[in-house]
Number of protein chains: 2
Amino acid sequence: MTSTSLTFDSVEAHRAWLASQSALPEGFRCANTRFEFVPVEVHKPSKMTLTLISLDQPTDSFAAMFTRNAFPGAPVIVGRARLRSSHWSAILINNKISNVCAPDGVTTAERICEALATQLDIPVDQVLPCSTGVIGWQLPESAIISQLPSVVSALQSESVLPAAEGIVTTDLYPKVRSVTVGQGRIVGIAKGAGMIEPKLATMLVYLLTDLDIDRETLQQALRDAVEESFHCMSIDSDTSTSDTVIALSSRRKPLDHLQDFRAALTQVCRDLTEDIVRNGEGVHHVLRVHVKGAPSVEIAREVGKSIVNSPLFQCAVCGNDPNVGRLVMAIGKYLGEALPHADLSRCAVSMGGCELLRDGIFHLDPASENALVAHMRAAELYASVPPPDGLTFVPAVRFPPHERCVEITVSLGLGESECTVLGADRTHEYISENADYRT
Amino acid sequence: MTSTSLTFDSVEAHRAWLASQSALPEGFRCANTRFEFVPVEVHKPSKMTLTLISLDQPTDSFAAMFTRNAFPGAPVIVGRARLRSSHWSAILINNKISNVCAPDGVTTAERICEALATQLDIPVDQVLPCSTGVIGWQLPESAIISQLPSVVSALQSESVLPAAEGIVTTDLYPKVRSVTVGQGRIVGIAKGAGMIEPKLATMLVYLLTDLDIDRETLQQALRDAVEESFHCMSIDSDTSTSDTVIALSSRRKPLDHLQDFRAALTQVCRDLTEDIVRNGEGVHHVLRVHVKGAPSVEIAREVGKSIVNSPLFQCAVCGNDPNVGRLVMAIGKYLGEALPHADLSRCAVSMGGCELLRDGIFHLDPASENALVAHMRAAELYASVPPPDGLTFVPAVRFPPHERCVEITVSLGLGESECTVLGADRTHEYISENADYRT
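Just so we're clear, the structure is a prediction, and the values are computed from it rather than from any experiment.

### Things to note about the interface of chain A and chain B
Bring the parts together and some accessible area is lost; that lost area is often taken as the interface size. Listed per partner, the contact involves 72 residues of chain A and 72 residues of chain B. Taken together, both faces of the contact between chain A and chain B bury some 5,700 Å²; the carbon and sulfur share is 63%. Viewed at the interface, chain B and chain A are joined by four salt bridges. With its nearest N and O atoms 2.9 Å apart, the salt bridge here joins arginine 68 of chain B to glutamate 337 of chain A. Our count for the chain A to chain B interface comes out at 23 residue pairs in polar contact (both at pLDDT 80 or more). Residue assignment for the side of chain A that touches chain B shows that the elements contributing at least two residues are helix H9 (311–318), helix H10 (325–338), strand S13 (361–362), helix H11 (366–378) and helix H12 (428–435) of chain A.

### Examining the sheet that holds strand S1 (residues 28–37) of chain B
Residues and elements named next belong to chain B. Overall, mixed pairing links the four strands, which are arranged S1-S2-S4-S5 in an open sheet. The sheet is open, and its two edges are formed by S1 and strand S5 (127–131), each paired on a single side. Between one strand axis and the next, the sheet turns by 15 degrees as a mean value, whatever way the strands run. Of the pairings in the sheet, the one linking strand S4 (residues 88–94) to S5 comprises five bridges and is parallel in character. Along S5, the bridge assignment pairs asparagine 94 with serine 131.

### Let's talk about the packing of helix H6 (residues 215–227) of chain A against helix H7 (residues 258–278) of chain A
All names here are of chain A. As a packed pair, H6 and H7 sit with axes 9 Å apart at the nearest point and diverge in direction by 45 degrees. Of the possible angle classes, the one that applies to H6 and H7 is oblique. Judged by the twist between their axes, the crossing of H6 over H7 is right-handed. On H7, the residues that touch Thr217, Leu218, Gln220, Ala221, Leu222, Asp224 and Ala225 of H6 are Leu258, Phe261, Arg262, Leu265, Thr266 and Cys269. Its residues assigned to classes, the contact of H6 with H7 comprises eight nonpolar, three polar and two charged.

### Considering the domain arrangement of chain A
Residue and element names in this part refer to chain A. Domain parsing of chain A yields domain 1 (11–278) and domain 2 (286–435). Computed over C-alpha atoms only, the centres of domain 1 and domain 2 are separated by 31 Å. Counting residues at the interface gives 20 residues for domain 1, matched by 26 residues for domain 2. Roughly 2,000 Å² is buried in total at the junction of domain 1 and domain 2, and carbon and sulfur atoms are behind 52% of that figure. Counting across the interface, domain 1 meets domain 2 through three salt bridges.

### Remarks on the pattern of salt bridges
As enumerated under the stated definition, the model contains 41 salt bridges over all chains in all. With its nearest N and O atoms 3.0 Å apart, the salt bridge here joins glutamate 110 of chain A to arginine 82 of chain A. Within this pair, whereas glutamate 110 of chain A is found in helix H3 (residues 105–120), its partner arginine 82 of chain A is found in helix H2 (residues 74–82), the two being separated by 28 residues in sequence. Arginine 111 of chain B is the partner of glutamate 141 of chain B in a salt bridge, and the nearest nitrogen-oxygen pair spans 2.8 Å. Here glutamate 141 of chain B is found in helix H4 (residues 141–153), whereas its partner arginine 111 of chain B is found in helix H3 (residues 105–120), with 30 residues between them in sequence. One continuous salt-bridge network, built from bridges that share partners, spans Arg177, Asp271, Glu274, Asp275, Arg278 and Glu403 of chain A.

### Section: H7 of chain A
Look at H7 of chain A: 30 Å from first C-alpha to last across 21 residues, which is about the 30 Å you get at 1.5 Å a residue. Buried residues dominate H7 of chain A, accounting for 16 of its 21 residues.

### So, the packing of aromatic side chains
Per the stated rule, a full pass over the model turns up seven aromatic pairs over all chains. For the pair phenylalanine 35 of chain B and phenylalanine 37 of chain B, a centre-to-centre distance of 6.3 Å together with 50 degrees between the ring planes defines the contact as tilted. Phenylalanine 35 of chain B gets classed as buried once you look at its relative accessible area, which sits at 6%. According to the relative accessible area criterion, phenylalanine 37 of chain B is buried, its value standing at 6%. A ring pair is formed by phenylalanine 62 of chain B and tryptophan 88 of chain B, whose centres lie 4.2 Å apart and whose planes are at 5 degrees; its orientation type is stacked. Residue phenylalanine 62 of chain B is found in strand S3 (residues 62–66), and its partner tryptophan 88 of chain B is found in strand S4; the two are separated by 26 residues along the sequence. The class for phenylalanine 62 of chain B is buried, based on a relative accessible area of 0%. Relative accessible area serves as the criterion here: at 2%, tryptophan 88 of chain B is assigned to the buried category. Taking the ring centre of tyrosine 430 of chain A as reference, the NZ or CZ of arginine 426 of chain A above it sits at 3.9 Å.

### Comments concerning the environment of valine 42 of chain A
Residue placement: valine 42 of chain A occurs in the loop between strand S1 (28–37) and strand S2 (46–59). Take valine 42 of chain A: its relative accessible area is 14%, and that puts it in the buried class. Along the backbone, valine 42 of chain A and tryptophan 137 of chain A are 95 residues apart, and their C-alpha atoms lie at a distance of 9.4 Å. In contact with valine 42 of chain A, not counting residues within four places along its chain, are Trp137 of chain A together with Pro366 and Glu369 of chain B.

### Examining the side chain of serine 229 of chain B
All names here are of chain B. Along the chain, serine 229 falls in the loop between helix H6 (215–227) and strand S9 (244–253). Of the polar contacts made by the side chain of serine 229, one reaches the backbone oxygen of alanine 225; its length is 2.6 Å. Once residues lying within four places of it in the same chain are set aside, the contact partners of serine 229 are Cys269, Arg270 and Thr273.

### Brief notes about the packing of H9 of chain A against helix H12 (residues 428–435) of chain B
Between two packed helices, both the angle of their axes relative to each other and the distance between the axes serve to describe the pair. The interhelical angle for the contact between H9 of chain A and H12 of chain B, taken along N-to-C directions, is 70 degrees, at an axis separation of 7 Å. Here H9 of chain A is positioned roughly perpendicular relative to H12 of chain B, judged by the angle of their axes. Contacts from Pro311, Leu312, Cys315, Ala316 and Cys318 of chain A in H9 of chain A reach Tyr430, Ile431, Asn434 and Ala435 of chain B in H12 of chain B.

### As for helix H2 (residues 74–82) of chain B
Among the residues of H2 of chain B, Ala74, Pro75, Val76, Val78, Gly79 and Arg82 of chain B are the ones counted as buried. On the buried face of H2 of chain B, the contacting elements are S3, S4, H3, S5 and S9 of chain B.

### Section: the nonpolar core
Core analysis: the largest hydrophobic core is formed by 146 residues, its most contacted members being Ile331 of chain A together with Ile331 and Met351 of chain B. Setting aside chain neighbours within four positions, we find isoleucine 331 of chain A in contact with Val303, Ile307, Val349, Val410 and Leu412 of chain A together with Phe71 of chain B.

### Observations regarding the relation of the copies chain A and chain B
With an RMSD of 0.0 Å, the fit of chain A onto chain B corresponds to turning through 180 degrees and sliding 0.0 Å along the axis. On this basis, the relationship between the two copies can be described by a two-fold rotation axis. Both copies present the same face, since 100% of the interface residues in chain A are matched by interface residues at the equivalent positions in chain B.

### Examining the side chain of serine 250 of chain A
All names here are of chain A. Along the chain, serine 250 turns up in strand S9 (residues 244–253). On the basis of relative accessible area, serine 250 is assigned to the buried category, the value being 10%. A polar contact of 2.6 Å, which involves the side chain of serine 250, links it to the backbone oxygen of glutamate 26. Setting aside its immediate chain neighbours within four residues, serine 250 contacts Glu26, Gly27, Phe28, Leu55, Thr209 and Asp210.

What counts as what
- Residues numbered from 1 in each chain as written.
- Chains lettered and ligands numbered in written order.
- Predicted model: local features only at pLDDT ≥ 70, side-chain atom pairs only at ≥ 80, totals over all residues.
- Heavy atoms only, no water.
- Contact = heavy atoms within 4.5 Å.
- Buried area = accessible area lost by both parts, 1.4 Å probe.
- Salt bridge = Lys/Arg side-chain N within 4 Å of Asp/Glu carboxyl O.
- Polar contact = N/O pair within 3.5 Å; in protein donor to acceptor, adjacent residues only side chain to side chain.
- Helix = DSSP H or I, 4+ residues; strand = E, 2+ residues; numbered from the N terminus.
- Pairing = 2+ DSSP bridges.
- Axes fitted to C-alpha atoms, helices over the stretch in contact; angles between N-to-C directions.
- Parallel < 35°, antiparallel > 145°, perpendicular 65-115°, else oblique.
- Left-handed = near helix turned anticlockwise from the far one by under 90°.
- Nonpolar A, V, L, I, M, F, W, Y, C, P; charged D, E, K, R; others polar.
- Domains from an automatic or database assignment.
- Expected span 1.5 Å × (residues − 1).
- Buried < 20%, exposed > 50% of the residue type's maximum accessible area, 1.4 Å probe, protein only.
- Phe/Tyr/Trp six-rings, centres within 6.5 Å; stacked < 30°, edge-to-face > 60°.
- Lys NZ or Arg CZ within 6 Å of the ring centre and 35° of its normal.
- Core = buried A, V, L, I, M, F, W, Y, C linked by side-chain atoms within 4.5 Å.
- Least-squares fit on C-alpha atoms with pLDDT ≥ 70 in both.

In C-alpha cells, the structure reads:
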C-alpha cells in the first residue's frame, strides 16, 4: 500500500483541502485554547496550547501504542496504566512541555486529569493525558487547570481541525487524513516534525472512528497499521520519549467488512506518515526507499533506515548532489554489521529510475549524473533562502507544494522480502530549528 | 588513558608544533605529488595527491585493520590479501577517489602496485594500496602511473609531514602525533573528517615505528589500541568503505619494555582520535562523554555513541542551547532497545560539572541553565560567520584554537563498566561541506 499523493499551490488551497477532510466522526468533540505561562526552569514567558478530544459517551473500544524509549514521559506511564480502564472518554493534550523525567511528573499529570474528570463528571481513569515539547521541564499545573473551563466550553462536534492545529510544535501546518468506510469514517491527525524515528509509535497520532469495532480487534488493527506506516519512517533517527498513537471508536456506525476497516486504517496511517516526513524539520526532499530482495522485512526496513539516516547522504540530497557512493556506503554500513558474510554480488541500486549499481559495480557517466540532478531538483520542496541575519534559516514554504519524492530502489539479491521506508534530507533549516529550539 | 591537550593561537604556532612532532622514525621515507586529471564520470577537471611511504628495507613487522562496511573498497580487498605477504616495503595512497565498487577496481589497484613495485625493484606483494575520496568513481590508472617517477624521486627521510599533508581530503589541517619510547619512536598520521564512525578502524591512519617488535605482538597491540581510541569516536555515524589503520615497524631500535610500547601506541591512537574529531567536518564543539555504572564496556560505549550521534542533541550544542532533555532522550533511545527492562531510577547526568539529572529526575533552574550556556560557550572552537553568498558556510579557523570539550558524565547505576566517547556537534558548516562535496 502506498500513500496518497497531494499537490497544493497555496496555503489557501491546502487549508481548503484540510477542511474537506476534517468532519469529526459521529460521537466526538474537540477544542483548543492557548495561554501564556512562565516555566520555572528559565523564568522567561512562554506559550502553550491545550487541546481536548472527548466522546459524547464513554467507549470501551480504544487502542494505544507508546514509545520504546527507556525514559518514557509521565503521560506515557499514565497512559500505559489507562489501558486497564474499562472505558475512555477524553484525551487532554498539551504542547511546549513533554513532562519527561520532571519532578513529580506522574502526580502532576494525574492531578490535571482529576480536575478535568470533575468538570466532565466522569471517572479519572477515563481521561488520557498527553504532552509534547521540551524534555525535562515541569508542567505548569495550576495554569493548565485554570484553562480547563475555557477549553471545555469551546468543545464542538463539527471539525477535527482545532485538535490538529492545537497539538503542533515545530510543524509548519496541521496534518489531517480521512477515509470513508461504508456508512462511517476514520479521521486521523498527527503532530511531529523532529525527534522522529518511532519505535512502536510516533509522536502523538489520534485516529478517531465511528465504525463499530471491538477493543481487541481495534488493537490488532492498530498494531498492524503502525508496523506498515510509522515504523517505516525516520526524520532524524531520534526516538521521542513521548511517542503515542491512539485509536478510538464511538461505535455508532455498522461495520460490514473488517478487511475494509483494516485497509482504511493502514491507509490513514501511511498518509499521515507521509505528511509527517514531508513536514519534517527543514525537509527539502522526501526520500522514498524501496528495498527488495531482502532475507526478511526487518532487514529490508533497516537497510532503508540506514540510507535515510545517513547524515552524508542526507546532505548530498539537500545539495541536489548525486553522490550515490554515500548511498552504497549506507547500505554496507548496516549489512556489514547485520549480515557480515552476505554475498552482495547481485546487488543493484537505482535512483529516479536510473540504474547506478548493477551486480555490485557502479556504472556512472555524465548522462546519468545529469539525470540524477534533474530528478532531485524536481523532487525539491523548496531551496534555502539566505536569511536576513546570515544564520537563522527559515523554511520558504508553509504548505506542501507537491508530493514528489526522491525515489530509490535497492535490490539486495538476498531473498524475497521487501519494505518501503520514508525519510528526508538534512538542511540548514534543520540546524537552525534545533540549535535553539526552546526559545 | 586520556588524550593530550593542545592549544594554539595561530596557524604558524600549529605548524611549528607539527614540525616538532614530525621526524620520521629510522628506516622510513615519504613524499607526495599533486596532479590534475579528468574523472570519466563527470568530465570536469579535478586534482589528486599521490603519497608514498616506504621502508629502506622490507619489514616482516606489519599490522592492519580494515573497515567492516559490507562494500569495502578495492584497496581494502587487496590489503586483506597482503596480510598474507612475508614482508611489506611501501604504501601508496591517493585521495579524491576511493576506488569502491568501481568497474575493475581490484585490477586497477593491482596494476598500479605492479608499476610501483617495478620502479622500487621489489615484489608486488610488498606494496599496499590505499585510496580515499569519492565512492563509485574509477581511479585514473594511467595518470597515477605516470606520476610514480616524480613521487619516488621526491622521497626523503626527514619528516612525515609530506605524507600527513598528502592524504587529507576535507581535513582543515594535517594530523601528526608522536611518542618517544626508549631509543625509538612511534609517529602516527591520520586523515578523516567525515564518514567517521569506524567499525574496526578509521579512515586512513598510519603508525610508523623503528622499535623492534614482531608482527604478532604488533597486531595484538594495534587491535587493543584501536579498541580504546578510534572505536570510541563518531563524527557522523557513517562508516567509511575505506577505513584502514596500518602499523609498520622498521625494527631498527631495541624495545626494552613491551608495556611501554603498548601504552605509547594507545596514546598516539587516542591523540589522533581527538585530532580527527576536533577537525571533523564543521565541528564547533567536541563532546567528551564519560559513561560509567554500565553493565559492560560495550553498553557504556553505545550509550556514549547514542548521545554524540543524536542529531537533535548535536544541533542544541551547536547553538550553545542547554537542551539537556535531548541528552536523556538519546540515552533512553539506546537503552530502550538494548536493555528494555533496565531500572534507571539511579541514573545521573552532569554536564560541565553541573548535575542535571539525579535518580532519574531532572533538577533544572535558571542558575544551572546559565552555567551550562557558559560551559558550552567556553568549549566552542568557533562560531558560524554568515557567508558572502548567504548559503555556503566555511569554517572560521584553519587550526585548532584550543582543546576544551563539552564534558558530559552519565552514571547509569547498572554496573561497574565505563567508557569515554568523543563526538561533535552538527553545524551549518557540515551541511555546506557535504551538500556538494564532490566539486
